Each structure stands twice: as structure tokens, then as C-alpha cells.
There are 2 protein chains.
Amino acid sequence: MKSDIDRLMRERELDALIVTGGEEFNTARYYLSNGARITHGSIFKSLGKPALLVCNRMELEEAAKSGLDVLTDVELGYYDRYKEAEGDSIRATVLHWSDVLLRLGLSAGRIGLYGAWQVNKTIALYEALKAGLAQYEFVVEAENTLIEEAMLTKDAEEIVRLKSVARRANAVMQIAWDFIAGLRRAGDYLVDDDGGRITIGDIKDLVRTELMARGLEDTDMIFAQGRDAGFPHSRGEADMPLQVGQAIVFDLFPRELGGGYHHDMTRTWCIGYAPSEIRETYDTVMQAFDISVEAFGLNKPTHLMQEAVLDYFEKAGHPTTRSHPSTMAGYVHSLGHGVGIDIHERPSISHLRRDDICQIGNILTIEPGLYYPERGFGLRIEDLFVVDEKGELVSLTPFRKDLVIPLKDDGGAAQ
Amino acid sequence: MKSDIDRLMRERELDALIVTGGEEFNTARYYLSNGARITHGSIFKSLGKPALLVCNRMELEEAAKSGLDVLTDVELGYYDRYKEAEGDSIRATVLHWSDVLLRLGLSAGRIGLYGAWQVNKTIALYEALKAGLAQYEFVVEAENTLIEEAMLTKDAEEIVRLKSVARRANAVMQIAWDFIAGLRRAGDYLVDDDGGRITIGDIKDLVRTELMARGLEDTDMIFAQGRDAGFPHSRGEADMPLQVGQAIVFDLFPRELGGGYHHDMTRTWCIGYAPSEIRETYDTVMQAFDISVEAFGLNKPTHLMQEAVLDYFEKAGHPTTRSHPSTMAGYVHSLGHGVGIDIHERPSISHLRRDDICQIGNILTIEPGLYYPERGFGLRIEDLFVVDEKGELVSLTPFRKDLVIPLKDDGGAAQ
């Protein structure tokens, strides 16, 4: 969590860190600036000292909400440096950062670079920093980064926000369920009171509107039916009409409006009835879900959970990415991941990643699934969990896990 | 535009380009993949040949919508390389990219790197590419990049989308105007039928909902009143009640739902009446707006427009960033910018940027403003323009530029 940052800097022998970037949504900047709505600006932090947020003059008022020390680029003489650099913004940034670092009392040392930016600009700046500021050593981490490690565990304030997002996401899933349950069956399709066929786009519109009414925003939900559900990341076609007896994977992962903490949950639904093949496969996925939760152990490696599921699925005759690394059918992804400001954070729950440990303060998904696009279906179940203060795994996704949404009015039709 | 890319590659003597990145919204990837909804994946393009999109197996179906050639990381043997690299994902990527480049017939050459990703991961990958694939020269551009230059002008299909977003954004601004005009005055505040004070948050909720109903999403609009409006990027406080006679800067810059093309427009409103100081300053801003449009010239430098406005404001006694580089009052920003998939694209209209030229196919804002936070107001007017096929500057923002929203029911109160 955030209070670990000085410790994480010491472990890496960093004298300072800089978080930079352009207008892209910048997870590290959001995290360290406590969600300030700035589109430009960099954060400078020396070991053991409070962070300084350097912003454009136009964003001063928003930057001040970060609670960090704030200075504008004007106050720091950026535009003089820009002139000195004859309008070369990379060169100007090198001179400007040198000014800021000296102001923080750093004339040499190891400096970690973080943030998100255009690939080309990032590398150009890095080359210019190495050439222009040889008194500093710029440190870049590819894996197990300081920011990732800090975000591995959430503090009390973050958990309050995550629980609030969870409650709202669960409520919206209930609204979608209730809406579908209230539809009328007409042959294989579902229709509204006027007899119009309801499409996936209609459901997504409803969900987006209900999320927004609760201060959340959709980040491209999956509502995929039939064969589409057999590809884990297919979003679902807006113009496809809902049908009875098809597997629908509904993966909802909204976040706080304008960027912020996420929830992540998946349910698989069959409207009206479930064919026996889908029902039986669903039981297997549910069994895998329970096995994953059982395999959780505080301070134990996360990969044990994935391996328990791999063992189970393989024994039941399903191909997996362990038994058949290039498979497009069966169990084709990892079991779960951390969730926070990013939808995919650490810890990972994968057999390919062996160094992640279950810790108090983790927020993580468990989401086994089976995918058979050639047989016209895919199934996944996902809850988001917190590892609470007692070290117990507690679901933030209490929403029911029934496969079938019974129709109040089934049109008198048999299966 | 996109059809310029091979020419832009030739000008840069690039044999290939690679667009890469993580899950961040990635403008270059969105652009070159025609908006495919993929969260992982890189694009490889050799000079004169179609682009190849390499995606995760889970995203195959979405990737196929790009219209590009698509191969999955499984098909390309990524996971064998991952194993060979002993789980070092940077090292695995270097080996994997080498495989892809050889498959494209490139055993040497100059390769431009583009995209958006974490700063630290980008640099780590770059260092590994230089060390591991010395047969290639990796080229990074900091300014006037190939992607920026391609996006400088929009093709017919992009302009159709931008015009559609424009129509919808203008319609939503009309809804906000009508809603406010229909409120009842109670003292200095505005109330609904039940007598509750209407806040900035209420207006933003209405606007977000109406945008969404039209397939658009808000990207953190500005609706800032009084002193807040005096800081160009203050978002406005949700819990602040609307008041009569205050300057409100409403800067609306939504985009297509889930990421896509933007509109960008600003109006300044006073509800009920405008104090004379605000009215007079508004006339000055409107005059500056007209002067900017007059100063437009096809194939002429954009900075001439900014300079015309600087001359006018300075003559009228307002400080500017040219006359007073560190000023926080007066005219404190540049005149405009290109708009597309990013809200801030080229061309820039700034006196600090002298190499941008007005061209057919530009989509750009003109947005003069004056800011006096200590006097409790700021004012800005912004239209989005297209430079059409005849080389004429045509506004996509026909919405009225009246300063005062007259109240249908002014509560019988005088100013």
C-alpha cells in the first residue's frame, strides 16, 4: 500500500522517484496524486520526504486536491528552460527536471522512473536524461515494479472504495437479471411489450445507464452469447438478439466515473433453460470455482490455486494451457488477478508466475472458465475477493450464481 | 491521414514500424487497428505492405474486426519463447519480435517504435531490443512523429465520424441550456419544482446521461462557475449550487463510447443576467474569436492566428503569456489544437510552435479566453472547425454563443 513506498524505495536503493507521462490515463500518477484530475504533470519524491506534484499552471486548482506539495511549471521556470532549449521540449524537460531535483536537494543519486506515456517520447526522453544528467542513475523496472508492489495490497481507504464499487456493480447485475427475467419469449427470442426483439446492445445500454446513475462507468463489458462466449475476450455483438437456451458470459468490470477503482465480476446465464451439455459443463466450472477458494492459503503462493484448478480440469478431460499450451478450447486463461485502479494488477494467479503470494490487503479475482467455441459456448464465473485483516478470503460479489434466468412468461413454449 | 503512412515511413527511411503497449488506451494502436477493441497486442508494418496485428489468443475475434492481418501470440510461438526466456517477459518479447520481423522478411533495417505503455517497461524493453537485436536500428521520435503527422489530416471516413460526434455534442449542450432556462430563481440560486437547489453535479449528471443516450462518453467535462472558471482546467465542484449572474465556463469534449473520435466545444454562460464587467470582457473574447477565424489562411502557419489574438488582447490591456510569460491572469493558454482520437492533437495554434500549417483535412479548435480568478471569473469560447475540401474553415459547433441564459421564471427578482 502507499505507506510502503519509502520501504520499497529503500529496498531498491532509490534516492528518488519520478512519475511522468502525457495525457494518457496514468495509473501511477493517479495513485500517487490521490486521484487528482490532472492531464499533465509529474510527481517527484525523494526518499523519506513528501511528494511534489509539478503541474501546468492551468491545472493548479485540480492539482491542489492531491494533498501533495504543488508547484506550477511557471513557478519552476519551465518556460525559460523551453526558450533556452529553443523549443525542443525533450531538452527543456531535461533542464527542468534538473532544476526540480536540485530544489529537492538531490545533486546525484538513483532515480526510479514510472508512469505511462507514448513509447517514442518516453525513450527519447530517457536517452536525453542519460546524456544530459549523467550525475543521476535512472532506474527502470520491467517486473515487480515499486508501483506494482505498492498496489499489491490496499489500505483501509482503498478497500472502502472498492467495497462501494462492488455493491453498486452487484446492484446493476441484479437490474440486468430482473430486466431479462421480465421479458416475454417469442420462439427462440425475447421480446418487449411491443414485440420487439431485445438485443445484446439493449442490455448493454441498460447496464451503462444504471452504472452511471450510481457514479460508475463501463469499461467495455463483455456480454457475449453462444459461440462468441467461447472466446474469453469477445465483447458480444450489439445487434445480436438475445436467445433462450444459449450460454451468455456477462463480465462486468466498471470503475468509478472518470477513472478510479474497479469491480470485476462474471456470471454465465442461460435464459429460460440450459441445454444439458451447458448445465454439466457449468457444474464443472462451479466445482473449479469452489476448489480455487479452498486452495487459497494466506502467505502461500497464488499459483497453487491455479494448479488445483488445472489438476481438476485436466482430470475431468478438459484441455488446459498447461496440458496443451496452444489450445483454443478448454481452460485457456489464468485463474485470476489483482484489481484496483487497473483492472489487471498483481497478484497474478497463474502457473506461469510463481513468485506471487496471497497477502492481507490483496483484492483479487477468481475466475475459472471453460470455452468451446466450436460447440457454440463458453462459461465463466468470477468473484472479486478481499483478503481481510484476519487473512480470510471474503467475496465482494455476493450476486447469485444461478445458471438459468427463469422467464416469468415463457410464451407457453417448451424447450 | 492513414493513406500517408507509407510516404511518412519513406521520409523517415523506416523499413518497418511497430506499435506496442499494454492495457492503456493506446491512440496509435486504436488508429492503425481501425478501433479494434483489443487490450493487448502489437502492430507490425513493413514499408509498402499491409499491417499485421499480433494479439493474445483470447482477443482473436475482436482483433479480426481491425481488417488487418491477424496472428495470435500462440500461432507465433510466443509461449515457447516465454519458456526459453525463463519467464522474463521482456526477454521473451525480444525473441518473439525477432520471430515476427523475420516472418515479415525483415532481417535488418530501421524500425520506428510507437504506441503507449508504462514508462519503466518501455525503457526496459528498448534497452533489451538494442542489446538483443543489434541487426535492427530502433528509431524513436519525440516530436512531429509519424503517427502525429498522419493524424494531422483526417480522411473522409474520419470526418463523417467527427461530424456525427459534433452533432450529438451540440444537441446535448442545447439540452443543458434548456434545462437551466427552465429552472426557477430563488434569490441568487436556481431551484427545481420542489425548491431544491440545482448544483453543478446535477448538470453534469444530466449531460453525462444525455451523452450516453447518444453513444458518447464524457471525458471529464469542465462546468466551472465564478472563481473556479478563472482557472482554465478547473473541472467545477459537483456540490456547488448554480447561481445567477456568475460566469460559467462549460467545456464539453466527449468522445465515442469506449474510446474514439472527440468533439470539443466551450460556451460561457451567465444565468439570468450578466454583470457589466463580465459582459464587456465577453465581448472582447468574442472579438478575439472572430479575429482568429479571420486570421486563418490555408497553407499558412497556425501561429499567425495566435499572434493576431495576442496582438488584440495586449492592445486591449490584457496580460498574455507572450507579454507576461508567467501570468496567471489574462490570456494564459494557446489558441487551439487539433482534435481526433486524442483530445489534443496537432496542429497546435501557439506562438511557441512555429512549424504547424493549416491544411485541408485539419480538425482544430479555436478557443480564446480571458481569466481573472481574483476578480471571480473566467471566460472562454470554443468551436471545433474542419478545413474542408475547398480549404475553408467550417465550424462543426453551430450552437449559439449567447452569454446570458434568460430564465423563463426569474422569481420576480431584480438583478
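Asks: Any chance you could explain the overall build of chain A here in plain terms?
Replies: Check the secondary structure of chain A and you find 11 helices and 21 strands. Principal-axis analysis of the C-alpha atoms places the extent of chain A at approximately 80 × 50 × 40 Å. Sequence separation of at least 24 residues holds for 67% of the intrachain contacts in chain A that already meet a minimum separation of 6. Per element, the accessible surface of chain A, about 15,300 Å² overall, is 48% carbon and sulfur.

Asks: What should I look at first to understand the pattern of salt bridges in this one?
Replies: It is possible for side chains bearing opposite charge to pair when their charged atoms get close. Summed over all chains, the structure comprises 68 salt bridges over all chains. The residue Glu237(A) makes a salt bridge to Lys65(B) at a minimum N-O spacing of 2.8 Å. With one member in each of two chains, Glu237(A) in the loop between strand 10 (222–225) and strand 11 (247–252) and Lys65(B) in the loop between helix 3 (60–64) and strand 4 (69–72) form a pair that bridges those chains. Take Lys65(B): its relative accessible area is 44%, and that puts it in the partly exposed class. Several salt bridges converge on common partners, so that one network encompasses Lys121(A), Glu143(B), Glu148(B), Arg346(B), Arg353(B), Asp355(B) and Asp356(B).

Asks: Would you mind showing me how to read the interface of chain B and chain A here?
Replies: Across the boundary between the two partners, chain B contributes 63 residues, which contact 64 residues of chain A. Among the residues chain B hides against chain A, the three largest losses belong to Arg57(B), Met58(B) and Val119(B). Together they make up 13% of the total. Our count for the contact surface shared by chain B and chain A stands at 10 salt bridges. We note a salt bridge from Arg227(B) to Glu61(A), for which the minimum N-O separation is 3.3 Å. Counting across the interface, chain B meets chain A through 33 residue pairs in polar contact (both at pLDDT 80 or more). Breaking the side of chain B that touches chain A down by element, the ones donating at least two residues are helix 3, helix 5 (89–103), strand 5 (109–118), helix 6 (119–132) and helix 9 (200–213) of chain B. The greatest single-element share of the side of chain B that touches chain A, amounting to nine residues, is contributed by helix 6 of chain B. Looking at the side of chain B that touches chain A residue by residue, the class counts come to 25 nonpolar, 18 polar and 20 charged. Alignment of strand 5 (residues 109–118) of chain A against strand 5 of chain B, held across three bridges, turns out to be antiparallel.

Asks: Would you explain helix 11 (residues 303–315) of chain B in this entry?
Replies: In an α-helix there are 3.6 residues to a turn, and that puts residues three or four apart on one side. All names here are of chain B. Helix length check: helix 11, at 13 residues, gives a terminal C-alpha distance of 18 Å against a target of 18 Å (1.5 Å per residue), a fit within 8%. What helix 11 keeps buried is the set His303, Met305, Gln306, Glu307, Val309, Leu310 and Phe313. Positioned one or two residues after helix 11, Gly317 has a phi angle of 90 degrees, which is positive.

Asks: Where do I start with the environment of Asp218(A) in this structure?
Replies: Residues and elements named next belong to chain A. The residue Asp218 is located in the loop between strand 9 (216–217) and strand 10 in this model. Among the residues examined, Asp218 registers a relative accessible area of 16% and is labelled buried. Placed 91 residues apart in sequence, Asp218 and Glu127 show a C-alpha to C-alpha distance of 38 Å. For Asp218, the side chain forms a polar contact with the main-chain nitrogen of Asp220, separated by 3.1 Å. Separated by 2.9 Å, the side chain of Asp218 and the backbone nitrogen of Met221 make a polar contact.

Asks: When you look at the relation of the copies chain B and chain A in this model, what are you seeing that I'm missing?
Replies: Here two copies of a chain appear, and what relates them is a rotation about an axis with a shift along it. The transform that puts chain B on chain A rotates by 180 degrees and translates by 0.0 Å along the axis, for an RMSD of 0.0 Å. Such a combination of rotation and displacement between the chain copies is what one expects of a two-fold axis. Of the residues that chain B buries at the interface, 100% are likewise interface residues in chain A, meaning the two copies contact each other through the same surface.

Asks: Explain the packing of aromatic side chains to me, please; I cannot follow it from the model alone.
Replies: Under the defined criterion, the tally for this structure stands at 28 aromatic pairs over all chains. Note on Phe25(A) and Tyr30(A): the rings are 5.6 Å apart at their centroids and 40 degrees apart in plane angle, and the pair reads as tilted. Exposure remark for Tyr30(A): the relative accessible area of 10% places this residue in the buried category. On the basis of an interplanar angle of 40 degrees and a centroid distance of 6.0 Å, the ring pair of Tyr78(A) and Tyr82(A) is categorised as tilted. In this pair, Tyr78(A) and Tyr82(A) are both assigned in helix 4 (residues 78–84), four residues apart and thus about one turn of the helix distant. For the pair shown, Tyr78(A) and Tyr82(A) are each scored as buried. In this structure, Lys2(B) packs its charged tip against the face of Tyr31(B), placed 5.2 Å from the ring centre.

Asks: Is there a simple way to explain unusual backbone geometry in this structure?
Replies: Where the residue is not glycine, phi is negative for most of them; where a peptide bond is considered, it is trans in most cases. Residue and element names in this part refer to chain A. Following Arg346, the chain continues to Pro347 via a peptide bond in cis, the omega torsion being 0 degrees. Positionally, Pro347 belongs in strand 15 (residues 345–349). The backbone phi angle of Asp220 is positive, close to 80 degrees, even though this residue is not glycine. Given a relative accessible area of 17%, Asp220 falls into the buried group.

Asks: Can you help me understand the sheet that holds strand 21 (residues 404–405) of chain A in this one?
Replies: The pairing of strands in a sheet happens through backbone hydrogen bonds and is either parallel or antiparallel. All names here are of chain A. As summarised here, the arrangement of the four strands in space is 10-11-13-21, forming an open sheet in which the pairing is mixed. The open sheet has two edge strands with one neighbour each: strand 10 and strand 21. Bridge analysis of strand 11 against strand 13 (residues 265–271) gives six bridges, and the strand direction is antiparallel. If you follow Phe250 over to strand 13, its bridge partner there is Arg267. Of the strands in this sheet, strand 10 and strand 11 touch helix 9 (residues 200–212), which is tilted by about 160 degrees from strand 10.

Asks: Can you walk me through the pairing of strand 17 (residues 369–372) of chain B in this structure?
Replies: Both faces of the sheet carry side chains from a regular strand, because those side chains alternate between them. Residue and element names in this part refer to chain B. Taking every second residue as pointing to the same face, both faces of strand 17 are buried, with Gly369 and Tyr371 on one and Leu370 and Tyr372 on the other. Inspection of the sheet shows strand 17 paired to strand 18 (residues 377–380) by four bridges, in the antiparallel sense. Bridge pairing in strand 18 links Tyr372 to Phe377. What sits between strand 17 and strand 18 in their antiparallel hairpin is a turn of four residues, with Gly376 showing a positive phi close to 85 degrees.

Asks: I would appreciate a short explanation of the packing of helix 5 of chain B against helix 6 of chain B in the present structure.
Replies: A pair of packed helices is characterised by two quantities: the angle between their axes and the separation of those axes. All names here are of chain B. Taken N-terminus to C-terminus, the directions of helix 5 and helix 6 make an angle of 50 degrees; their axes are 9 Å apart at the nearest point. With respect to their mutual orientation, helix 5 and helix 6 come out oblique. In this structure, helix 5 crosses over helix 6, and the sense of that crossing is right-handed. Between helix 5 and helix 6, the residues in contact are Ile90, Thr93, Val94 and Trp97 and Lys121, Ala124, Leu125, Ala128, Leu129 and Gly132, respectively. For the contact of helix 5 with helix 6, the per-class residue count stands at seven nonpolar, two polar and one charged.

Asks: Help me understand the environment of Trp97(A) in this model?
Replies: Residues and elements named next belong to chain A. Tracing the chain through its elements places Trp97 in helix 5 (residues 89–103). In this structure Trp97 comes out as buried when scored by relative accessible area, which is 3%. Spatially, the C-alpha atoms of Trp97 and Phe44 are 9.1 Å apart, while their sequence positions differ by 53 residues. Here Trp97 is in contact with Ile18, Thr20, Ser42, Phe44, Leu113, Leu125 and Leu129, once residues within four sequence places are set aside.

Asks: How should the sheet that holds strand 10 (residues 222–225) of chain B be read in this particular structure?
Replies: All names here are of chain B. In spatial order, the strands read 10-11-13-21; together these four strands make up an open sheet with mixed pairing. Where the open sheet ends on each side, the last strands, each with one partner, are strand 10 and strand 21 (404–405). Contacts between helix 9 and the sheet are confined to strand 10 and strand 11 (247–252), with strand 10 contributing the most and set at about 160 degrees to the helix.

Asks: Help me understand the side chain of Arg235(A) in this model?
Replies: Turning to its location among the elements, Arg235(A) is positioned in the loop between strand 10 and strand 11. Given the relative accessible area of 7%, Arg235(A) is considered buried. Of note is the side chain of Arg235(A), whose polar atom sits 3.3 Å from the backbone oxygen of Asp220(A). When neighbours within four sequence positions are excluded, Arg235(A) is seen to be in contact with Lys204(A), Asp220(A), Met221(A), Ile222(A), Phe223(A), Ala224(A), Phe253(A), Thr39(B) and Glu62(B).

Asks: What exactly am I supposed to notice about the packing of helix 10 (residues 276–295) of chain B against helix 11 of chain B here?
Replies: Residues and elements named next belong to chain B. Where helix 10 meets helix 11, the axes come as close as 8 Å, and the angle between the chain directions of the two elements is 150 degrees. Crossing hand, helix 10 versus helix 11: right-handed. Touching Thr284, Val285, Gln287, Ala288, Ile291, Ser292 and Ala295 of helix 10 are Leu304, Met305, Ala308, Val309, Tyr312 and Phe313, all from helix 11. By residue class, the composition of the contact of helix 10 with helix 11 is 10 nonpolar, three polar and no charged.

Reading the values: rules and limits
- Residues numbered from 1 in each chain as written.
- Chains lettered and ligands numbered in written order.
- Predicted model: local features only at pLDDT ≥ 70, side-chain atom pairs only at ≥ 80, totals over all residues.
- Heavy atoms only, no water.
- Helix = DSSP H or I, 4+ residues; strand = E, 2+ residues; numbered from the N terminus.
- Contact = heavy atoms within 4.5 Å.
- Areas by Shrake-Rupley, 256 points an atom, 1.4 Å probe, with all protein chains shown as cover.
- Salt bridge = Lys/Arg side-chain N within 4 Å of Asp/Glu carboxyl O.
- Buried < 20%, exposed > 50% of the residue type's maximum accessible area, 1.4 Å probe, protein only.
- Buried area = accessible area lost by both parts, 1.4 Å probe.
- Polar contact = N/O pair within 3.5 Å; in protein donor to acceptor, adjacent residues only side chain to side chain.
- Nonpolar A, V, L, I, M, F, W, Y, C, P; charged D, E, K, R; others polar.
- Pairing = 2+ DSSP bridges.
- Expected span 1.5 Å × (residues − 1).
- Least-squares fit on C-alpha atoms with pLDDT ≥ 70 in both.
- Phe/Tyr/Trp six-rings, centres within 6.5 Å; stacked < 30°, edge-to-face > 60°.
- Lys NZ or Arg CZ within 6 Å of the ring centre and 35° of its normal.
- Axes fitted to C-alpha atoms, helices over the stretch in contact; angles between N-to-C directions.
- Parallel < 35°, antiparallel > 145°, perpendicular 65-115°, else oblique.
- Left-handed = near helix turned anticlockwise from the far one by under 90°.

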